[in-house]
Amino acid sequence: MKTNQILVRYGELSTKGKNRSSFIGRLRDNVRQTFMDLGGIRIKAERDRMFIASDDEAEIEQVIQRLPKVFGIQSFSPVIEAELDMEAMKQTAYDVVKKLNREGKTFKVTVKRPNKAFPLEKLEIMHELGSHVLRNFSELSVQMQHPDIELKVEIREEAAYMMAEVIQGAGGLPVGAGGKGLLMLSGGIDSPVAGYHMLKRGVRLELVHFFSPPFTNDRAKEKVYDLAEKLSQFGSSVNLHIIPFTKLQQEVHKQVPDNITMTSTRRMMMRVADKVLEETNCKAIITGESLGQVASQTLESLSAINAVTHTPVLRPLIAMDKLDIIETAQKIETYEVSIRPFEDCCTIFTPANPKTKPKLDKVEYYENFVSFDELIQEAVDQREIIKFPRVKEEKLTYDNLL
Ligand code: ATP
Ligand code: MG
């Protein structure tokens, strides 16, 4: 059985009217980026479907493994090639159905025959293949409407192509189709999940992480690298901006009373993020905040934090339960990384009794004693930028042109 291409069905983008071709172009580039390390991949993007082909079956296997993470895809099917010979086709049809291994299910065959030179007519081919399969799998019964297994056969000039397996895609929109957002990525469970939800809606990510050496160590940084690597596997690369945050954090602790340092620290993060956002052409800040989880995540707290910026702050997890967030974190494989026990800058500076209802005027009052502008600019200027995925070679793509 030779699988040398994958047929890809587009997701929601099929309904996007005249934006369609740019969506398809975006998806094609994301697919190309995802498989950049595989040398023999060929991509053909048509109006209604895309084909990913390679003559190397090991590469096709890689495509099947990784494609379920690429957003903008409804489902996909491995396409199996058979010789233009009825016996070979029967054998392939048998192999394809056997692989699906669904006992007691319903079945049908459909045939397209663009190759008019093939000696048998469409109905004859259907009959031959169908009865061969039914003879060999006595538990299958024919059903024309919504069968469990639909064996699709296309007789072309060079070969016959068959497929039956339908693998669920990730859904969503191609990453990048929705512009770019700046994710505040901590080492915790929530922010990577927030990033995932935005990626799924087509938003490409830049990442900022606030790092406070020597209070936080390189293991904590490694954790964030690993999370960035995970977030780069959904069809689009990401840049991680590591912000040296120690001076700002210490200054906040000098200037404001203990119980509102949390609010003030977050406000400094926002101010830094705003500057990175401008430089990187992002249109929104994204956080992993979820209502009521901790003191800084009450409505009062969030509005005191928000008051420092005019940029839209998106919080995809705001109304989600922790258990649901954890479930997603497990699904996207960030959970194992997030629970490694290295503290990030906020955990270390967390006061014993943070205010759950900080007053904005009070926060502003204390922050006013010094100008934080210089420290903020210094943190932005001294940031380190790393591109993920780290392993793949760089090429010019649609993404890089944004
Ligand atoms: P997470 O699980 O994402 O760390 P959390 O429940 O621990 O979230 P907080 O510590 O209050 O909540 O952080 C709220 C949000 O602020 C995070 O989701 C993240 O977006 C941002 N954030 C917190 N710490 C950092 C950091 N060191 N670097 C970048 N962003 C951060
Ligand atoms: Mg955290």
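Residues numbered from 1 in each chain as written. Chains lettered and ligands numbered in written order. Predicted model: local features only at pLDDT ≥ 70, side-chain atom pairs only at ≥ 80, totals over all residues. Heavy atoms only, no water.

The name given to the protein chain in an unreviewed UniProt entry is Probable tRNA sulfurtransferase, with the source organism recorded as Planomicrobium soli. Per UniProt, the comment on the protein chain under Pathway (unreviewed entry) is "Cofactor biosynthesis; thiamine diphosphate biosynthesis." Its UniProt record, at the heading Subcellular location (unreviewed entry), says of the protein chain: "Cytoplasm". (UniProt positions renumbered as here; feature names shortened; annotations may be inferred.)

A. Structural view of the site of ligand 1. Residues in contact with ligand 1 amount to 22 residues; listed here are only the nearest, Met184, Ser186, Asp190, Ser191 and Arg266. A distance of 2.7 Å separates an oxygen atom of ligand 1 from a polar atom in the backbone of Met184. Relative to its unbound accessible surface of 580 Å², ligand 1 loses 91% to contact with the protein. At the level of elements, helix H5 (190–200), strand E11 (204–211), helix H8 (261–280) and helix H12 (345–349) are the ones that each hand at least two residues to the shell around ligand 1. (Near = heavy atom within 4 Å. Polar contact = N/O pair within 3.5 Å; in protein donor to acceptor, adjacent residues only side chain to side chain. Areas by Shrake-Rupley, 256 points an atom, 1.4 Å probe, with all protein chains shown as cover. Helix = DSSP H or I, 4+ residues; strand = E, 2+ residues; numbered from the N terminus.)

B. How the structure looks around the nonpolar core. Core analysis: the biggest nonpolar cluster contains 34 residues, and Leu183, Leu205, Leu207 and Leu240 have the highest contact counts within it. At the level of secondary structure, the elements contributing two or more residues to this core comprise H5, E11, helix H6 (218–231), strand E12 (238–244), helix H10 (322–331), helix H11 (335–338) and strand E15 (384–388). Among residues more than four places away in sequence, those in contact with Leu183 are Ser191, Ala194, Gly195, Leu205, Glu206, Leu207, Val208, Leu231 and Ile286. In terms of nonpolar packing, the next biggest core, distinct from the first, is built from 27 residues, Val252, Ile305, Phe372 and Ile376 among them. (Core = buried A, V, L, I, M, F, W, Y, C linked by side-chain atoms within 4.5 Å. Buried < 20%, exposed > 50% of the residue type's maximum accessible area, 1.4 Å probe, protein only. Contact = heavy atoms within 4.5 Å.)

C. Representation of the UniProt feature "binding site: ATP" (unreviewed entry) in the protein chain within the structure. Listed under "binding site: ATP" (unreviewed entry) in the UniProt record, and renumbered for this structure, are Met184, Leu185, His209, Phe210, Arg266, Gly288 and Gln297. Along the chain, Phe210 falls in strand E11. Looking at the secondary structure, you find Arg266 in helix H8.

D. Structural context of the pairing of strand E9 (residues 167–171). Where burial is concerned, most of E9 is hidden: four out of the five residues are buried. Taken together, the three bridges between strand E4 (residues 73–82) and E9 define a ladder with antiparallel strand orientation. Residue pairing across strands places Ser75 opposite Gln168, the latter belonging to E9. (Pairing = 2+ DSSP bridges.)

E. Representation of the environment of Met198 within the structure. Structurally, Met198 can be placed in helix H5. Note: C-alpha distance between Met198 and Gly178 (20 residues apart in sequence) is 9.1 Å. Beyond its immediate stretch of four places on either side in the chain, Met198 contacts Val203, Leu205, Ile286, Leu314 and Pro316.

F. Examining the packing of aromatic side chains more closely. If you walk through the whole model with that rule in mind, you get nine aromatic pairs. When the ring of Tyr366 is compared with that of Phe369, the centres are 6.3 Å apart and the planes differ by 45 degrees; the resulting orientation is tilted. Looking at Tyr366, the relative accessible area reads 23%, which means it is partly exposed. An aromatic cluster of at least three residues, connected via ring pairs, comprises Phe71, Tyr196 and Phe234. (Phe/Tyr/Trp six-rings, centres within 6.5 Å; stacked < 30°, edge-to-face > 60°.)

G. Seen up close, a positive patch on the surface. Side chains of Lys112, Lys116, Lys122 and Lys152 sit close together on the surface and give a patch of like positive charge. Mapping Lys112 onto the fold places it in strand E5 (residues 106–112). Note on Lys112: relative accessible area 51%, which makes it exposed. (Patch = residues over 30% accessible without salt bridge, like charges linked within 9 Å, V, L, I, M, F, W, Y side chains within 5 Å. Salt bridge = Lys/Arg side-chain N within 4 Å of Asp/Glu carboxyl O. Lys, Arg positive; Asp, Glu negative; His and termini not counted. Charge placed at Lys NZ, Arg CZ, Asp CG, Glu CD.)

H. Focus on the domain arrangement of the protein chain. By the assigned domains, the protein chain splits into domain 1 (3–168) and domain 2 (180–388). The C-alpha centroid of domain 2 is placed 44 Å from the C-alpha centroid of domain 1. Contact with domain 1, which involves seven residues of that partner, is made by nine residues of domain 2. A buried area of about 770 Å², summed over both sides, lies between domain 1 and domain 2, and 53% of it is on carbon and sulfur atoms. When the buried surface of domain 1 facing domain 2 is broken down by residue, Gln33, Lys69 and Phe71 rank first, second and third, together holding 74% of it. The tally of links from domain 1 across to domain 2 stands at one salt bridge. Of the charged contacts, one joins Lys69 and Glu333 as a salt bridge, the two residues approaching to 3.8 Å between their closest N and O atoms. (Domains from an automatic or database assignment. Buried area = accessible area lost by both parts, 1.4 Å probe.)

I. Broad picture of helix H1 (residues 20–34). Between the first and last C-alpha of H1 there are 21 Å, a value that for 15 residues agrees with the 21 Å anticipated at 1.5 Å per step. Among the 15 residues that make up H1, 11 are buried, leaving the element largely enclosed by the rest of the structure. The complete set of buried residues in H1 reads Arg20, Phe23, Ile24, Gly25, Arg26, Leu27, Asp29, Asn30, Val31, Gln33 and Thr34. (Expected span 1.5 Å × (residues − 1).)

J. Expanded view of the pairing of E5. For E5, the buried fraction is high: five of the seven residues fall into the buried class. Sheet topology places E5 next to strand E6 (residues 141–142); two bridges connect them, and they run parallel. Residue pairing for E6: Thr106 is matched across the bridge by Ser141. Inspection of the sheet shows E5 paired to strand E7 (residues 149–155) by six bridges, in the parallel sense. Residue pairing in the sheet places Thr110 in a bridge with Lys152 of E7.

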